[in-house]
Amino acid sequence: VSSNNKDIARLPDGTGPWVISNGAGSKSQESLCTSNDALFVLTKTASSAIVGIGSGNPFTWTITVKNGGTEGILENVTVSDTLPANMFLSACPAGATCGGGAGAYTSFSINVGTLKPIGSTPNAATISATAYVTVAGTYTNTAQSIADELAPGYTQASGTVSTLSPPSGFNAFE
């Protein structure tokens, strides 16, 4: 890590795992940092890659944001998520501000505060959000996070779920 810069984790193919980058590749960012060696890491996973349709078939998105550095502090860390069409949250995550209606929220934003370096607490924050889809398909949902030390933007992570398709020739009304 070079002085006064921090490396931002990046998602090289738009769907794969985050890796540490030097800020030189496509989809990577190098951001000025107030102290050396803060590393912003954001992950997003679904409790199941295959989900049912309707509010009676919920699944959980787990979003984790952490400071993977050994010295620098990330302050005023905010995580936000706008769901794709036909995906809803059945409840607003604790401490979050949500958009949309009760039982069918379409977005949320939550400030998780300060994240300290590895070995200090708090080092990470985890947000769980219970979701469901209303139409068959494959959905990619991207969460974003920002911190005061990021200049000029945010970092993001995506998760993908697909609905379970009924067997060929299946008719629920027979």
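Residues numbered from 1 in each chain as written. Predicted model: local features only at pLDDT ≥ 70, side-chain atom pairs only at ≥ 80, totals over all residues. Heavy atoms only, no water.

**Details of the overall build of the protein**
Here is the rule we go by: By the criteria applied, helices consist of DSSP H or I runs no shorter than four residues and strands consist of E runs no shorter than two, each listed in order from the N terminus. Contacts are assigned to residue pairs with any non-hydrogen atoms lying within 4.5 Å of each other. Throughout, the Shrake-Rupley method with a 1.4 Å probe supplies accessible areas, and for residues the shown protein chains are the sole cover considered.
Helices and strands together make up the secondary structure of the protein, namely zero helices and 14 strands. In sequence order, the secondary structure elements of the protein are arranged as β-β-β-β-β-β-β-β-β-β-β-β-β-β. Counting only contacts in the protein whose residues sit at least 6 apart along the sequence, the fraction spanning at least 24 positions is 68%. For the protein, the exposed area adds up to about 8,700 Å²; of that, 53% sits on carbon and sulfur atoms.

**Concerning the packing of aromatic side chains**
To be explicit about the condition: Two rings belonging to Phe, Tyr or Trp (six-membered ring only in the last case) form a pair when the distance between their centres is within 6.5 Å. Interplanar angles under 30 degrees mark stacking, angles over 60 mark edge-to-face geometry, and anything in between is tilted. Accessible area is worked out with a 1.4 Å probe on protein chains only. A residue is then buried under 20% of its type maximum, exposed over 50%, and partly exposed in between. For a ring to carry a charge above it, either NZ of a lysine or CZ of an arginine must fall within 6 Å of the ring centroid while also lying within 35 degrees of the normal to the ring plane.
Overall, the coordinates contain two aromatic pairs when judged by the stated rule. Ring geometry for Phe88 and Tyr132: centres 5.8 Å apart, planes at 35°, overall tilted. Within this pair, whereas Phe88 is found in strand 9 (residues 87-89), its partner Tyr132 is found in strand 12 (residues 124-133), the two being separated by 44 residues in sequence. Tyr132 shares its class with Phe88; the two are buried. Positioned over the ring face of Trp61 is Lys44, at 4.5 Å from the centre of the ring.

**A look at the pairing of strand 7 (residues 59-67)**
Rules: Two strands make a pair as long as DSSP finds a minimum of two bridges between them.
What you see with strand 7 is a clean split: Phe59, Trp61, Ile63, Val65 and Asn67 sit on the buried side and Thr60, Thr62, Thr64 and Lys66 on the side with no burial. Taken together, the seven bridges between strand 5 (residues 40-46) and strand 7 define a ladder with antiparallel strand orientation. Across the sheet, Phe40 pairs through a bridge with Asn67, a residue of strand 7. In the sheet, strand 7 pairs with strand 12 via eight bridges, with the strands oriented antiparallel. Considered in strand 12, the bridge of Lys66 is made with Ala124.

**Here's the deal with the confidence of the model for the protein**
For the record, the criterion: The score called pLDDT rates the predictor's confidence residue by residue, from a low of 0 to a high of 100.
Averaged over every residue, the pLDDT of the protein is 76; the share at 70 or more is 70%. Confidence drops under pLDDT 50 across residues 1-36; counting only partners more than four residues distant or on other chains, this segment forms 89 contacts. Across residues 170-174, where pLDDT falls below 50, the model places zero contacts with residues more than four positions away in sequence or in other chains.

**Digging into the pairing of strand 14 (residues 155-163)**
Within strand 14, seven of the nine residues are buried, leaving the element largely enclosed by the surrounding structure. Pairing analysis gives two bridges linking strand 6 (residues 50-51) to strand 14, with the strands arranged parallel. Note that in strand 14 the partner of Ile50 across the bridge is Ser162. Two elements, strand 13 (residues 138-146) and strand 14, share eight bridges in a ladder whose sense is antiparallel. Along strand 14, the bridge assignment pairs Thr140 with Thr160.

**Some details on the pattern of salt bridges**
What counts, and what does not: Throughout this description, the term salt bridge denotes a Lys or Arg side-chain nitrogen within 4 Å of a carboxyl oxygen of Asp or Glu.
Per the counting criterion, the structure on display carries one salt bridge. The salt bridge partner of Asp81 is Lys44, with a shortest N-O separation of 2.4 Å. With a gap of 37 residues between them, Asp81 in strand 8 (residues 74-82) and Lys44 in strand 5 connect regions that are remote in the sequence. Per residue, the accessibility class of Asp81 equals that of Lys44, and both read buried.

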